[in-house]
Structures are given as structure tokens and as C-alpha cells.
Amino acid sequence: HYDDKILRFENDPDDRAYILSLSGEAEAALTDTIPVTFVDVVDGKLKLKSRGPKLAEPPLQEHLSFIEALRSKGGEWMWEGLVLDEDPDWIIDALERGSLYCATDGSHNKKLAPLISGAAWVLFCSHSRKVMRGEFAEFSVAANSYRAEQLGMLALHLLLLTAEEYYQQSLTDANIFCDNKGTIQTFSKEHRRIPAGAKNNDILRVLRRIQTTSKLAHKLQHVKAHQDDNVPFRLLSLDAKLNFECDLRAKHAVQQAIADDASFRTTIYSLPLEQASVFFDGSKQTSDIAKELRYQIGRRNARQFYQDEKIMDNSTFDSIAWADLRSLLEKRPKMYQLWYGKQCSGFCGTGQMISRWDPDASDSCPNCGRFETADHLTRCDSRIRRDLMKESIRDLDDWMSWHCTHPDLRLWIPRYFGGQGRRLFVDLVHPEGRKMSQNMRIVGNKIDRIGWRHFTEGKLPTAFRDMQRQHLLSHHKYLTIDVWMKGFIDQLLTLTHTQWLCRNLTKHHKTMGTKALATREEIQKEVEEQLRMGFSDLPSYARCLLEISPDNLFGLRTADQQYWLNAVRAARTAAESALQISEGKTNSWNDILKMPEFKTRIQELPQLPTNPERPAADRTNPRESSTKRRKVSRRQPARTNSSQSAGVDGDRIQLLRRNNVSENSKVPINALLSQPLASESSTATDPDLSFKRSAIGVQFESLKTLNPGLWLKSDVINSFAMNIIRPLVRNRRVHFFSTYFF
């Protein structure tokens, strides 16, 4: 605005939305405008920086009545039950006197109408006895008692806001009573930002908009509900009487919505002052839309996939009660959901799938031996699996008897499971000649269209749900169809999952599983083959392995049999190597070690340096290097590759280093080895080897085994490990086990 003209700037369609270009001059001041802050940019354009609230609301047209002004805010469905006998200007007088009493209450019948929330409100002047009241109901997937209470409180705030704007006066100090403390707390605090995942965030956003427009500093007070149960109505206080009236009319609103179900479901339930609403399949989203959006996209993709793969046609897919299955799986652990997804898709670890990435794996069922697929899981006819199925059917029948199940469902469902899908539901025959009712036959036809496997996976037809729902309405007071369906689907999934656990236990048990038994069978075949080969080609010192009784050998554990088999294989391999080195002269390494030419070849082998110098990269601060080694050892286990094992750099504790001359002179090992073997006449003066601060020593007879061609004894190995190696590897998390050689 300038003194002599008004310039109009509009969004440039070829540029960003916050860049404005001059479009001309305006003839008069525009209404319904807001203040903004902008900065100049090149070429006479403006860059929008920030926006402010409206300076003033445009005045209401004089011909609008209070009701018309109320309906102009949107959400006309909330005011259809409004009762107003005269102009509500008495509200202003009642607020000035402090005699205005407001009350609200909500109602929700989870059994009869789980998707309907009813609310009622009343404005009453204790001085003039004038009253304004109203009631309404909302259809929503988020319907519950708490939402009903919040809707009633929101209606009161909208009424007072409209009265403030209509009469252009600031209204405060109204007495608002509610029997829900959570609603009072929600409407008492200021809402600056509404989280996307907040429950009933559509109501909170409208409340925030009301709070930015008007202060509405009213007194929100709690009133105890259902006081008429213990006190006569005439003795109740005014706020209790108003709450009692709202409670009755809220319940009536729910009953009326049930009666008008057809027209009631087609209404678009957008709240007054709500700028935008999101609907999926006719259901308004009252919380974060991301979760529901992902579900709807996945549901549509699954519907198309089932159609393309000829798993299920679209009409059958739409006839399934997916909401009940979803409500159950949302409460299950992630790993359970993962198993369910694999089972439904057929990519669980059955023989069919395992054989695809492991050609050597068996594709047969571990129980019955047939080709195993995901569909075979509940059809296996092995004795153990059928017994388990019968036990699960008994548990299902007990559950149905305790949860007020329709008599036809309780009669025919166990028989359908007893056949394991080999007979259609409509073809079931009762042994006593009882015929299937027409309603049960319709439900059975829906079940047959879905199929045995999908039914055992919890995919139930909506006709099944409707049949049980009508039975619960007439025979049970508190049990709802949502709770019943969730429990029944849980029983079906438990039946299927139990079969899966039995299958896995049969196959993967450590000792009695089919894989373990197959491994044991292969080992026993190898053992039999080794026994058949005899010990003619084994060296004399290894023939003791074949002297074990076959009965004792086959009675050993699988691990012990494998250990024996490895020992025999190693002995045969060593014998073949001995024959090759000795050019067929002997298969015993003891004889080879005594051959002069073999000793010459050992002396010709290159010797390792006695004191190899450490590389320059290793000559660092000892404390720093040890710290670095400790850090590395914690991150990854120590490994020695083949290239390092042959060199000194890989020998960190220098086990491969040969003793120098001075070290050899300290202990006369040659003198000890040259002593004659101990005999029965040996005395206590035999030169046994002992160590300081160690109880592990080496007897003289054991020292003689250090000579070529003899087997080492246990005390030599144990003493070397505990007294020489252990001090070198201290604080390296190394444990030394004692050997038990002969």
C-alpha cells in the first residue's frame, strides 16, 4: 500500500512459490489479508520471508443468524441435533452474571457399534433457566470413549467461540463440566505444536486454532459420573444433573446412528475449522497417516499380486477380514511377524526352498519323507504330526466352548481341521447324519474359496465374522466380535506355528534330529569301511585303534566316533607318506627316523637365526606397542596365516627360535639324554628335571623320549607348556590344558 496507489504482486508460475512478481495495481484494498515480511530481489521481484496472523477477521454479514454463523465454520453434521428455541443472546448475560453452566459427555458402545462415538452437550443459565442443547455421533475407525468425550468438549468450545465472534465480545468465566479428567487436562493446556503421531490430532489441531483466535479463559471442572446410581436425582447438584442428561442423550445418539447405519456411513466427518482431512477407504485418519498409507499401499499391491499369480481372485481377496488379522499381528514380536510373512509367501525354510540354494540338501519332509512345501506344513500325515494336530484341535474346541462360539461353527470347524484340507468344507459329513445349515453352508463356501492353507493362516471371510457377531449380540453381554476374532485367529496361527516347531525339532535336534541322525549314519558307514579295510596297511604303533571292540565303538557318542575316525584316517595318511618317502621300504615313521639318509636330510635343512633383529617399524616404545597390540587383540581374534607361520615375524613369543651356545650350556640336555634308561634297580639319584615355583616336573624316563623315534610323554609336554611357554604369554588370555597321553 502506498498513499496514492496499491500494487498487486502474484506468484510467478515459472518460479518458486515464495517469489512474487508485480502484476499491476489494485483498485481498492483487498479483504481477508494477512501481514507479511519481504525482501527485494532483482528485476523488481519480491521474496516472501514470513507470514503473520490476520489483523482482523472480516465482519460477519448482518443477515446471518447465529446458527448460520455456526454452520459456516464447517462440520455441519455436529449441529444436526442442536435444539435452540430463541436467539442465544442470553449467553452473554449469563456469562456476565456467572450463571452459565456447560456440560458434556460422550458414549461408545464397543459391542454394538465399535466404530461410532456419540457426544452430547448442554448450555444452561441458572438465572433465566434458558437452555441450549445438542447431540451428534461420528463414524470413525478411531472411535472410543475418550474420542467421544473430546468431541463433546470441542463442540462447547466452538459454540462459545462463535458466540464471541457473533456478538463481538470477549467471553470468559464459563463453568464447563466433564466427567473425564484426561479431556479436561487436554483442553486446559495450550497447544503450540501437535505431534504427527498424537492420538486424535485432528481435534487437537482445531483446538489449537481456537486458542490462537480467542483466549476462552473458562473454568473446566470435573464432575463425578453416574452419581444417580447412589443418590436420587432430585438431590443431585446442578452439574451432576446436567452430566446425567448429557449421558442419556449421548447414548441415544449412538442408538440413532446404529438405526441410520446406511446414511450414517456415507457422511464426510470433517470437523469445523479443520483445514484438511485425509480419508482411506472412507475412513478418516485421526493420527499419523504414514502407517495407514503404508498399509493401504501394501494391501493394494498384495491384491494385485494374488490376482496375477492366480493365488486368489479380487472378489475373494476383498471378502477376507484383513483388519482382524492386522490387529493381532501388530501385537506380536517382530520375529513372529517375520515367520508369518515367510509362511504366507512360501519362502520359509522348507525342503523346497533349502534345496534351491543347497543342492546337496534334502527336499523331503523330516517326518513323512514327502516333498516339503509351505502348503505341506499342515497336511503332513506322519503319526507325530497328526497326533499334534489332534491335540491342537482339542485346544481349539475348548477355546470355542469357553468363548460363546456359534453352535454351527463349533460343530463343523473341528471336523474341517480333522480332514487337514482333504475335503471341502461344504462336503463335510456329520457321523450322526446332522445336516449343515444354510448360513453355515454359505460361510463354508467362502472358506473353500479362500482355501485350506490361507484359512489356517488366519485369513477368515467376513461372512464368518458376521455370523459370529450376530450370535454374540444375542448371547453374550460383554464379549465383542473384535476380541473374539482376534482370539480365534490366534488359535489358528498357534496350530500352524506348532506344526512348524515340531517339524524344526524333528530335523534340527542336536542328537535325535534327522540331520544329526543322518550325520551319525554317515560316520558309522565310514567306521564300518575302516574296519573292513583292516590294519594291514597301518603302522604298528597305530594298530591299537582297530583293536577296539566294534560293539564298544558303535556305542560311543557321535563326537567320539568322529574322533576315532579322524585318528584312523590320519594314521593311514601318515603310513602312505612314510611309504612314499622311504620308497616303499616301510610305513612306520619310527623306522624312517632311524634311517641314516633321513638324518642327513634333517641336518641339511636351513636353521633359523638365533637372534633375529626386529624390523625398524617394530622398534618403538614398548609400552605404546603393547597397548596397541592389546587394542587390536580385543577387536579381532589373533590369527596367523601361512606366510607368517614360516617366518620369525609371525613368531611373537619366539617358540621357533633355537637356543644359542650360552643357553645350551646352562642345561646339559645332551648329558641327560645320553644317560641309560631307568630300570628296576634305579635309585632316587636319577636326574629328574624340576622347576622353581612349579609342581610340574619331568621324570628321567620321560626325558629319554626326547630322543629321535620315541613318542613324547605327558609330563614332558605339560612341563614345557606350563613352565616355558606360559610365562611368555602371560596376560594374553591363553589357557593351557593338560594332555593325557600314555
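Residues numbered from 1 in each chain as written. Predicted model: local features only at pLDDT ≥ 70, side-chain atom pairs only at ≥ 80, totals over all residues. Heavy atoms only, no water.

**Student:** Would you mind going over the overall build of the protein with me for this structure?
**Tutor:** Counting its regular elements, the protein contains 29 helices and eleven strands. Across the 742 residues that make up the protein, the buried fraction comes to 37%. Pairs at least 24 residues apart make up 59% of the contacts formed inside the protein by residues separated by at least 6 positions. Carbon and sulfur atoms form 51% of the exposed surface of the protein, whose accessible area is close to 45600 Å². (Helix = DSSP H or I, 4+ residues; strand = E, 2+ residues; numbered from the N terminus. Buried < 20%, exposed > 50% of the residue type's maximum accessible area, 1.4 Å probe, protein only. Contact = heavy atoms within 4.5 Å. Areas by Shrake-Rupley, 256 points an atom, 1.4 Å probe, with all protein chains shown as cover.)

**Student:** Could you clarify how one ought to interpret unusual backbone geometry in this entry?
**Tutor:** Generally, phi is negative for residues other than glycine and the peptide bonds are trans, each holding for most cases. Backbone geometry places His226, a non-glycine residue, at a positive phi of 55°. With respect to the helices and strands, His226 occurs in the loop between strand S9 (219-222) and helix H6 (238-259). One non-glycine residue, Cys404, lies in positive phi territory at about 50°.

**Student:** Explanation requested: the pattern of salt bridges in the structure shown.
**Tutor:** In a structure, side chains of opposite charge can pair up when their charged atoms sit close to one another. Under the definition given, this model contains 25 salt bridges. Of the charged contacts in the structure, one is a salt bridge between Lys284 and Asp202, with a shortest N-O distance of 3.0 Å. Of the two residues, Lys284 sits in strand S11 (residues 283-284) while Asp202 sits in helix H5 (residues 201-213), which places them 82 residues apart along the sequence. Asp202 sits in the buried class, given a relative accessible area of 4%. Residues joined by salt bridges that share partners form a network here, namely Glu138, Arg147, Asp202, Glu274 and Lys284. (Salt bridge = Lys/Arg side-chain N within 4 Å of Asp/Glu carboxyl O.)

**Student:** Would you mind showing me how to read the packing of helix H3 (residues 145-167) against H5 here?
**Tutor:** What describes two packed helices is the angle between their axes and the distance between those same axes. One way to put it is that H3 packs onto H5 with a least axis distance of 11 Å and a crossing angle of 25°. As summarised for this structure, H3 and H5 are arranged roughly parallel, according to the angle between their axes. The chirality of how H3 crosses H5 is left-handed. Contacts from Arg147, Gln150, Leu151, Leu154, His157, Leu158, Leu161 and Glu165 in H3 reach Asp202, Ile203, Val206, Leu207, Ile210 and Thr213 in H5. Each residue belonging to the contact of H3 with H5 can be placed in one class, and the counts come to eight nonpolar, three polar and three charged. (Axes fitted to C-alpha atoms, helices over the stretch in contact; angles between N-to-C directions. Parallel < 35°, antiparallel > 145°, perpendicular 65-115°, else oblique. Left-handed = near helix turned anticlockwise from the far one by under 90°. Nonpolar A, V, L, I, M, F, W, Y, C, P; charged D, E, K, R; others polar.)

**Student:** What am I meant to see in a negative patch on the surface here?
**Tutor:** Where like charges cluster on the molecular surface, the negative patch consists of Asp87, Asp89, Asp93 and Glu96. For Glu96, the position within the fold is in helix H2 (residues 90-97). (Patch = residues over 30% accessible without salt bridge, like charges linked within 9 Å, V, L, I, M, F, W, Y side chains within 5 Å. Lys, Arg positive; Asp, Glu negative; His and termini not counted. Charge placed at Lys NZ, Arg CZ, Asp CG, Glu CD.)

**Student:** Would you take a moment to explain helix H14 (residues 407-418) for this structure?
**Tutor:** Because the α-helix completes a turn every 3.6 residues, residues three or four places apart line up on one side. With twelve residues, H14 extends 18 Å between its outermost C-alpha atoms, agreeing within 8% with the 16 Å of an ideal straight helix rising 1.5 Å per residue. For H14, the full list of buried residues reads Asp408, Leu409, Leu411, Trp412, Ile413, Pro414, Tyr416 and Phe417. Where H14 ends, the next residue or the one after it, Gln420, has phi of about 55°, a positive value. (Expected span 1.5 Å × (residues − 1).)

**Student:** Hey, could you run me through the confidence of the model for the protein in this one?
**Tutor:** Detailed reading of the predicted model is not advised wherever pLDDT is low. When the pLDDT values of the protein are averaged, the result is 79; 77% of them are 70 or greater. Every residue in residues 608-650 scores below 50 in pLDDT, and together they form 17 contacts with partners more than four places removed in sequence or on other chains. In this model residues 678-685 is a low-confidence stretch, pLDDT under 50, and it forms three contacts with partners more than four residues away in sequence or in other chains. (pLDDT = per-residue confidence, 0-100.)

**Student:** I'm lost on a nonpolar patch on the surface in this one. Help?
**Tutor:** A cluster of nonpolar side chains, contributed by Leu112, Ile258 and Leu473, occupies part of the molecular surface with about 190 Å² of accessible area. Here Leu112 is to be found in the loop between strand S5 (100-107) and strand S6 (116-125). For Leu112, a relative accessible area of 33% corresponds to the partly exposed category.

**Student:** Hey, could you run me through the environment of Asp427 in this one?
**Tutor:** Within the secondary structure, Asp427 sits in the loop between H14 and helix H15 (438-450). When its relative accessible area of 42% is taken as the criterion, Asp427 is described as partly exposed. With eleven residues separating them along the chain, Asp427 and Tyr416 place their C-alpha atoms 9.6 Å apart.

**Student:** Which parts of the structure should I look at to understand the packing of helix H10 (residues 322-329) against helix H18 (residues 481-508)?
**Tutor:** The contact between H10 and H18 brings their axes to 9 Å, and the two run at 70°. As the angle between them shows, H10 and H18 are arranged roughly perpendicular. Touching Asp324, Leu325, Ser327, Leu328 and Leu329 of H10 are Asp482, Met485, Lys486, Ile489, Asp490 and Leu493, all from H18. Residues that form the contact of H10 with H18 fall into these classes: six nonpolar, one polar and four charged.

**Student:** Could you clarify how one ought to interpret the sheet that holds S6 in this entry?
**Tutor:** Strand-to-strand pairing in sheets goes through backbone hydrogen bonds, with the strands running parallel or antiparallel. Taken in spatial order, the five strands line up as S7-S6-S5-S8-S9 in an open sheet, and their pairing is mixed. The open sheet has two edge strands with one neighbour each: strand S7 (131-139) and S9. Ignoring which end each strand starts from, the neighbouring axes of this sheet average 20° apart. Bridge analysis of strand S8 (residues 175-178) against S9 gives four bridges, and the strand direction is parallel. Residue pairing in the sheet places Phe177 in a bridge with Gln221 of S9. Contacting S5, S6 and S7, H2 crosses the sheet at an angle of about 70° to S6. Strands S5, S6, S7, S8 and S9 of the sheet are contacted by H3, whose axis makes an angle of about 40° with S6. (Pairing = 2+ DSSP bridges.)

**Student:** Would you mind going over the environment of His430 with me for this structure?
**Tutor:** As for its placement among the helices and strands, His430 is situated in the loop between H14 and H15. Between the C-alpha atom of His430 and that of Trp412, which follows or precedes it by 18 residues, the distance is 8.3 Å. Not counting the four nearest positions on each side in its chain, His430 is found in contact with Leu411, Trp412 and Arg415. A polar side-chain atom of His430 sits 3.0 Å from the main-chain amide nitrogen of Glu432. (Polar contact = N/O pair within 3.5 Å; in protein donor to acceptor, adjacent residues only side chain to side chain.)

**Student:** When you look at the environment of Leu329 in this model, what are you seeing that I'm missing?
**Tutor:** One can find Leu329 in helix H10. With 160 residues separating them along the chain, Leu329 and Ile489 place their C-alpha atoms 9.8 Å apart. In contact with Leu329, other than residues within four places in its own chain, are Tyr336, Gln337, Tyr340 and Leu493.

**Student:** Mind showing me how you'd approach a positive patch on the surface here?
**Tutor:** Judged by side-chain charge, Lys110, Lys199, Lys331 and Lys486 come together as a positively charged surface patch. Here Lys486 is to be found in helix H18.

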